[in-house]
Amino acid sequence: MPIDPTLPYDPNNIFAKILRGEIPSNKVYEDDWAFAFEDINPQAEVHTLVIPKGEYVSWDDFSARGSDAEIGGFVRAVGAVARAKGLVEPGYRLMANIGQHGGQEVPHLHVHIFGGQFLGRMIA
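We now turn to the structure provided with this report. Throughout this description, residue numbers start from 1 for each chain and increase along the sequence as written. Where local features are concerned, this predicted model is filtered to residues with pLDDT of at least 70; where side-chain atom pairs are given and counted, the filter is 80 or more; whole-chain, interface and lining totals use all residues. Hydrogens are left out, water is left out, and the side-chain values use all remaining heavy atoms of the structure.

Regarding helix H3 (residues 68–84)
Note the cut-off: Think of it this way: any DSSP run of H or I at least four residues long counts as a helix, any run of E at least two long counts as a strand, and we number them from the N terminus. Each residue after the first adds 1.5 Å to the expected span of a helix. Here, two residues are considered to be in contact whenever any of their heavy atoms come within 4.5 Å of each other.
Helix length check: H3 (17 residues) gives 24 Å between terminal C-alpha atoms against 24 Å at 1.5 Å per residue, within 8%. Tucked inside the fold, the buried residues of H3 contact strand E1 (27–30), strand E2 (34–38), strand E3 (46–52), helix H2 (59–65), strand E4 (92–95) and strand E5 (111–115).

Focus on the side chain of Asp 39
Condition: Think of it in three bands: residues with accessible area under 20% of the maximum for their type are buried, residues over 50% are exposed, and the middle band is partly exposed, with areas taken using a 1.4 Å probe on protein chains only. Only four residue types enter the charge count: Lys and Arg as positive, Asp and Glu as negative, with His and the chain ends excluded. Salt bridge criterion: a side-chain nitrogen from Lys or Arg within 4 Å of a carboxyl oxygen from Asp or Glu. Whenever two N or O atoms come within 3.5 Å, that pair is a polar contact, provided that in protein one can donate a hydrogen and the other can accept it, and provided that, for residues adjacent in sequence, both atoms are side-chain atoms.
In this fold, Asp 39 is placed in the loop between E2 and E3. Look at Asp 39: it is buried, it has no salt bridge, and the nearest opposite charge is Lys 85 at 12 Å. Within polar-contact distance, the side chain of Asp 39 engages the backbone nitrogen of Asn 41 at 2.7 Å. For Asp 39, the residues in contact, after removing those within four places along its chain, are His 47, Thr 48, Leu 49 and His 112.

Topic: the pattern of salt bridges
As enumerated under the stated definition, the model contains 5 salt bridges in all. Arg 20 is the partner of Glu 22 in a salt bridge, and the nearest nitrogen-oxygen pair spans 2.8 Å.

So, the nonpolar core
Note the threshold: We define a nonpolar core as any set of buried Ala, Val, Leu, Ile, Met, Phe, Trp, Tyr and Cys residues linked to one another through side-chain atoms lying within 4.5 Å.
By size, the foremost hydrophobic cluster in this structure holds 14 residues, and its most contacted members are Val 50, Phe 74 and Ile 113. The dominant element in this core, judged by the number of residues it contributes, is H3, at 4 residues. The contact partners of Ile 113, leaving out residues within four places of it in the chain, are Val 46, His 47, Thr 48, Val 50, Val 78, Val 81, Ala 82, Leu 87, Tyr 92, Arg 93 and Leu 94. Grouped together as the second largest cluster of nonpolar side chains are 7 residues, Phe 15, Phe 35, Phe 37 and Val 106 included.

Remarks on the pairing of E3
What counts, and what does not: Two strands are counted as paired when DSSP detects at least two bridges linking them.
Of all 7 residues in E3, 7 are buried; the element is thus mostly enclosed. A two-sided burial pattern is seen for E3, the buried positions comprising Val 46, Thr 48, Val 50 and Pro 52 on one face and His 47, Leu 49 and Ile 51 on the other. With 5 bridges connecting them, E2 and E3 associate as antiparallel partners. Counterpart to Ala 36 in the pairing with E3 is Val 50.

What to know about the layout of surface pockets
Note the following rule: Buried and open spaces are told apart on a 1 Å grid over the protein atoms alone, a cavity being a set of points where a 1.4 Å probe fits but cannot get out and a pocket being an open set with protein on both sides within 12 Å along at least five of seven lines. Residues with an atom within 4 Å of a point are the lining residues. Grid points are joined across faces, edges and corners, and a volume is the space filled by probe spheres set on the points. Only Asp, Glu, Lys and Arg are considered charged, only Ala, Val, Leu, Ile, Met, Phe, Trp, Tyr, Cys and Pro nonpolar, and every remaining residue, Gly among them, polar.
Put simply, the largest pocket is a space of about 450 Å³. Listed by contribution, the elements that provide at least two residues to the lining of the largest pocket are helix H1 (14–19), E2, E3 and E5. With 3 residues, the single largest contributor to the lining of the largest pocket is H1. Among the residues making up the lining of the largest pocket, the classes are represented as 10 nonpolar, 10 polar and 3 charged.

Focus: the pairing of E5
In terms of burial, E5 is a largely internal element, 5 of the 5 residues being buried. For E3 and E5, the ladder comprises 5 bridges, and the chain directions are antiparallel. Across the sheet, Thr 48 pairs through a bridge with Ile 113, a residue of E5. Pairing geometry for E4 and E5, over 4 bridges, is antiparallel. When the sheet's bridge partners are listed, Met 95 is paired in E5 with His 112.

Nothing here speaks to function; it is geometry throughout.
Take a look at the structure:
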């Protein structure tokens with residue numbers, strides 16, 4: 001069910017619980033700014049989620065309130081994951097869903113990295 005990204009951060013969302021180690025995940029990357037793990041319902045051969053460690057509901061929230069260090073660290077982490085997965089040369093897709101029209105289901109900013117196969121058109 002899509003969420004309202006204008007609501008305050010919910011510290012009991014599933015990604016917050018993953019960050020705290022309360023819910024297991026298949027971790028593929030972690031640094032001071034970000035945590036990356038495999039999606040439990042992959043939509044492509046490679047489907048990895050990257051989340052900031054800070055409490056941000058959406059990309060809009062993060063871009064408005066995140067520090068330069070957090071934003072830079074997060075963007076670098078997304079690139080590091082894509083490189084580690086060998087996705088740069090064949091190509092990959094980044095997707096961040098924001099709000100109801102964007103289909104956001106978890107109220108914690110997350111970027112999907114899709115790859116490992118031809119992904120087709122962005123929107124049919």
